[in-house]
Amino acid sequence: QVQLVESGGGLVQSGGSLRLSCAASGGIFSIYAMGWYRQVPGKQRELVATITSEGSTNYAESVQGRFTISRDKFGNTVYLQMNSLKPEDTAVYYCYLDEIKLLGSRRDYWGRGTQVTVSS
């Protein structure tokens, strides 16, 4: 029903920057929050950053001060500006959408992921 498509991943040297985008489409009633998670082999998927429909943001401590999440709510698009990238940021980054359904229930949607590789 809801589709999330990520873009902007790639290969970058340590200290460089990337900007990820996630476009949401489909029959979305209301968005509580959107965000980004990341996962590397052998580790659990972890929160990177989230932003609510009203603009409140949360960041993982590991990316605080380096990453900035923003959202174009009119286009249902969320962005992640990643600066001062480190090799430890290498992961598959997944877009996340927390939807409030018509009757008030909540449902999560995930993108397919985009690879970010930071070389040392």
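This section reports on the structure supplied with the text.

Rules used throughout
- Residues numbered from 1 in each chain as written.
- Predicted model: local features only at pLDDT ≥ 70, side-chain atom pairs only at ≥ 80, totals over all residues.
- Heavy atoms only, no water.
- Patch = residues over 30% accessible without salt bridge, like charges linked within 9 Å, V, L, I, M, F, W, Y side chains within 5 Å.
- Areas by Shrake-Rupley, 256 points an atom, 1.4 Å probe, with all protein chains shown as cover.
- Salt bridge = Lys/Arg side-chain N within 4 Å of Asp/Glu carboxyl O.
- Helix = DSSP H or I, 4+ residues; strand = E, 2+ residues; numbered from the N terminus.
- Buried < 20%, exposed > 50% of the residue type's maximum accessible area, 1.4 Å probe, protein only.
- Disulfide = S-S within 2.5 Å.
- Phe/Tyr/Trp six-rings, centres within 6.5 Å; stacked < 30°, edge-to-face > 60°.
- Lys NZ or Arg CZ within 6 Å of the ring centre and 35° of its normal.

### A short note on a nonpolar patch on the surface
Okay, step 1: A contiguous nonpolar patch, built from Phe29, Leu102 and Leu103 and spanning about 410 Å² of accessible area, is present on the exposed surface.
Okay, step 2: Here Leu102 is to be found in the loop between β9 (91-100) and β10 (106-110).
Okay, step 3: Judged by relative accessible area, Leu102 falls into the exposed class, the value being 62%.

### Points about the state of the cysteines
Okay, step 1: Tallying each qualifying case throughout the model produces 1 disulfide.
Okay, step 2: A sulfur-sulfur distance of 2.0 Å marks the disulfide that ties Cys22 to Cys95. When the S-S torsion is -85°, as for the bridge of Cys22 with Cys95, the disulfide is left-handed. Of this pair, Cys22 sits in strand β3 (residues 18-25) while Cys95 sits in strand β9; the two residues are 73 residues apart in sequence, bridging distant segments of the chain.

### Observations concerning the packing of aromatic side chains
Okay, step 1: This model, assessed by the stated rule, comprises 3 aromatic pairs.
Okay, step 2: Aromatic pair Tyr37 and Tyr96: ring centres 5.3 Å apart, planes at 65°, arrangement edge-to-face. With a gap of 59 residues between them, Tyr37 in strand β4 (residues 30-39) and Tyr96 in strand β9 connect regions that are remote in the sequence.
Okay, step 3: Given the relative accessible area of 19%, Tyr37 is considered buried.
Okay, step 4: On the basis of relative accessible area, Tyr96 is assigned to the buried category, the value being 10%.
Okay, step 5: Centre to centre, the rings of Tyr37 and Trp110 are 5.0 Å apart; their planes meet at 70°, and the pair counts as edge-to-face. Of this pair, Tyr37 sits in strand β4 while Trp110 is found in strand β10, placing the two residues 73 residues apart along the sequence.
Okay, step 6: We classify Trp110 as partly exposed; its relative accessible area is 36%.
Okay, step 7: Ring pairing ties together the aromatic residues Tyr37, Tyr96 and Trp110, which thus form one cluster.
Okay, step 8: Taking the ring centre of Tyr79 as reference, the NZ or CZ of Arg19 above it sits at 4.0 Å.
Okay, step 9: When the ring centre of Tyr32 is taken as origin, the NZ or CZ atom of Arg106, which lies over that ring, is 4.2 Å away.

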